[in-house]
Amino acid sequence: MAFNSTVETLPAMGRFSLRCKRENTVAMSKALGFELPSSISESAQSGGMTALKLGPDEWMLTCPMEARSEIEKSLAAIYPDAVHSLTDISSREVSIRISGPEAEELLSTSCPRNLAELKSGRGVRTIFDSVQVILTREEQNQFRLDVWRSFVPHVMGLLRVAVAEFECGL
Amino acid sequence: MLLIHCPYCKEKLPELEFEYAGQAHIARPDNPAEQTDAEWRDYLFIRSNVRGDHAEQWRHSHGCGRYFNALRNTVSDKFIATYEIGQACPTSHAEGEENNEQLES
Ligand SMILES: [Zn+2]
């Protein structure tokens, strides 16, 4: 059986860690221009911006690099009324995209989650062979791993070995 | 591998995402300076070491990041319940379950 999946690192993208209390989410959503998702693992999108809910009071915002200052400005404007923490973590992580019909199986070689239960458009923080990652299922057969920069060689190495094993039919 | 239900993520997830964090429902004294040495020692170090159902803290460290409480049987390693911080400990009287056998101090 032919193997048709790819593993690639993605160009830099803007990333923020956003923390705020429940009572402030309405004001935050208003300033961002779209509703922040309300349950863990859900994501919401508007324009080039995506918000993924990681914890009860935690979201990850992703956007194009050049859109960062605009987000910072619009949220800083409402800070006095809606206290929150917005941290630019763009260069902390590198994103790896895994796509193709074998993508789910490829990831399951090092991720203990039941990936079949992760629906399209959702994302979670989890573990990938002892490395903490944010795993997003962008489409049915397309995943993105956000990995802390210094762990990328390790994660890419594991994925390359897995790809090699799949290619020779192991 | 154990599957643990996170009360915040509302999902049963692999143990690898979690960290054990000691016995639950131990309140920090309001004014530590008023404690005697013995009381402070008890607060810091003395734990019940239950053989049976044990209320304990866990943290979903590689997930939502939250601490929560769990009731786990230390003999069978079965999780009876997990619940949010601030909630009361659910009591367990399941048939055939090991009872608490607390050590005499
Ligand atoms: Zn959780």
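Along each chain, residue indices are assigned from 1 in the same order as the chain's sequence is written. Numbering of ligands from 1 and lettering of chains from A proceed in the order in which they are written. Residues qualify for local features only when their pLDDT is at least 70, as the model is predicted, and side-chain atom pairs are given and counted only at 80 or more; totals for whole chains, interfaces and linings, by contrast, use all residues. Just so you know, side-chain values use all the structure's heavy atoms and leave hydrogens and water out.

Named according to an unreviewed UniProt entry, chain B is Sarcosine oxidase subunit delta originating from Pseudovibrio ascidiaceicola.

### Points about the sheet that holds strand β5 (residues 67–73) of chain B
Residue and element names in this part refer to chain B. What counts here: Being paired, for any two strands, means DSSP has found at least two bridges between them. Runs of E in the DSSP output that reach at least two residues are strands. Runs of H or I that reach at least four are helices, and both are numbered from the N terminus. Angular values range over 0 to 180 degrees, each being the angle between N-to-C directions of two axes fitted as lines to C-alpha atoms, with helices fitted over their stretch in contact.
With antiparallel pairing, the 4 strands of this open sheet are ordered in space as β3-β4-β5-β6. Strands at the two margins of the open sheet, each flanked by one partner only, are β3 (19–23) and β6 (79–84). The average undirected angle you get between the axes of adjacent strands in this sheet is 30 degrees. Here strand β4 (residues 53–59) runs beside β5; their pairing, made up of 7 bridges, is antiparallel. Opposite His-54, over in β5, you have Arg-72 as the bridge partner.

### A word on the coordination of the zinc ion
Residue and element names in this part refer to chain B. Here is the rule we go by: Any N, O or S atom lying within 2.8 Å of the metal counts as a donor, with the limit raised to 3.2 Å for Na, K and Ca; because water is left out of the atom set, some sites can appear incomplete. When four donors show all angles between 85 and 135 degrees the site is tetrahedral, when four or six donors have opposite pairs over 155 degrees and all other angles between 65 and 115 it is square planar or octahedral respectively, and in every other case it is irregular. Think of it in three bands: residues with accessible area under 20% of the maximum for their type are buried, residues over 50% are exposed, and the middle band is partly exposed, with areas taken using a 1.4 Å probe on protein chains only.
Protein coordination at the zinc ion comes from Cys-6 (SG), Cys-9 (SG), His-60 (ND1) and Cys-64 (SG), with a distance range of 2.0 to 2.4 Å. Geometry at the zinc ion is tetrahedral, judged from its 4 donor atoms and the angles of 104 to 114 degrees they form at the metal. We note that the donor set of the zinc ion lies within a single chain, spaced as C-x2-C-x50-H-x3-C. We note that His-60, like Cys-64, is buried.

### Considerations on the interface of chain A and chain B
Heads up, the rule is: Contact definition: two residues touch when any of their heavy atoms are within 4.5 Å. Here the quantity called buried area is the accessible surface, traced with a 1.4 Å probe, that two parts lose on coming together, added over both. Within this document, salt bridges are pairs made up of a side-chain nitrogen of Lys or Arg and a carboxyl oxygen of Asp or Glu, the two lying within 4 Å of each other. Any pair of nitrogen or oxygen atoms within 3.5 Å is treated as a polar contact; in protein, a donor-acceptor pairing is required on top of that, and neighbouring residues in sequence qualify only through side-chain atoms on both sides.
On the chain B side, the residues contacting the 13 residues of chain A number 15 residues. Overall, the association of chain A and chain B removes approximately 1,100 Å² of surface from exposure, summing both partners, and the carbon and sulfur fraction of that is 54%. The interface formed by chain A and chain B holds 3 salt bridges in total. Glu17(B) is the salt-bridge partner of Arg113(A), the closest N and O atoms lying 2.8 Å from each other. If you look at where chain A meets chain B, you find 5 residue pairs in polar contact (both at pLDDT 80 or more). The set of elements that each furnish at least two residues to the side of chain A that touches chain B consists of β4 (49–55) and β8 (123–128) of chain A. When residues of the side of chain A that touches chain B are assigned to their parent elements, the largest contribution, 3 residues, is made by β8(A).

### Topic: helix α1 (residues 25–32) of chain A
Residue and element names in this part refer to chain A. Keep this limit in mind: The arc in question is the one traced by the directions running from the helix axis out to the C-beta atoms.
Within the sequence span of α1, burial applies to Thr-25, Met-28, Ser-29 and Leu-32. One side of α1 carries all its buried residues, which in axial view fall inside an arc of 100 degrees. Across α1 from its buried face, at more than 90 degrees, point the exposed residues Val-26 and Lys-30. Gly-33, located one to two residues past α1, shows a positive phi value of around 90 degrees.

### Here we look at the pattern of salt bridges
Opposite charge on two side chains lets them pair, provided their charged atoms get close. Residue and element names in this part refer to chain A. If you walk through the whole model with that rule in mind, you get 17 salt bridges over all chains. A salt bridge links Arg-15 to Asp-146; its shortest N-O distance comes to 3.6 Å. With Arg-15 in strand β2 (residues 14–20) and Asp-146 in strand β10 (residues 142–148), this residue pair connects regions lying 131 residues apart in the sequence. Through salt bridges that share partners, Arg-15, Arg-92, Glu-93, Arg-97, Glu-138, Arg-144 and Asp-146 make up one connected network.

### Some points on the packing of aromatic side chains
Residue and element names in this part refer to chain B. In plain terms, the rule: The pairing test for Phe, Tyr and Trp rings, Trp by its six-membered ring, is centres within 6.5 Å, and the orientation test on the planes gives stacked under 30 degrees, edge-to-face over 60, and tilted for anything in between. Throughout this description, the term charge over a ring refers to an Arg CZ or Lys NZ atom that lies within 6 Å of the ring centre and within 35 degrees of the ring normal.
In the structure shown here, the tally under the stated rule is 5 aromatic pairs over all chains. Between Trp-40 and Tyr-43, the aromatic rings sit 5.1 Å apart at their centres with planes inclined by 35 degrees, giving tilted as the arrangement. With Trp-40 and Tyr-43 both in helix α1 (residues 37–45) and 3 residues apart, the pair spans about one turn of that helix. A relative accessible area of 18% places Tyr-43 in the buried class. In this structure, Arg-66 packs its charged tip against the face of Tyr-8, placed 5.7 Å from the ring centre.

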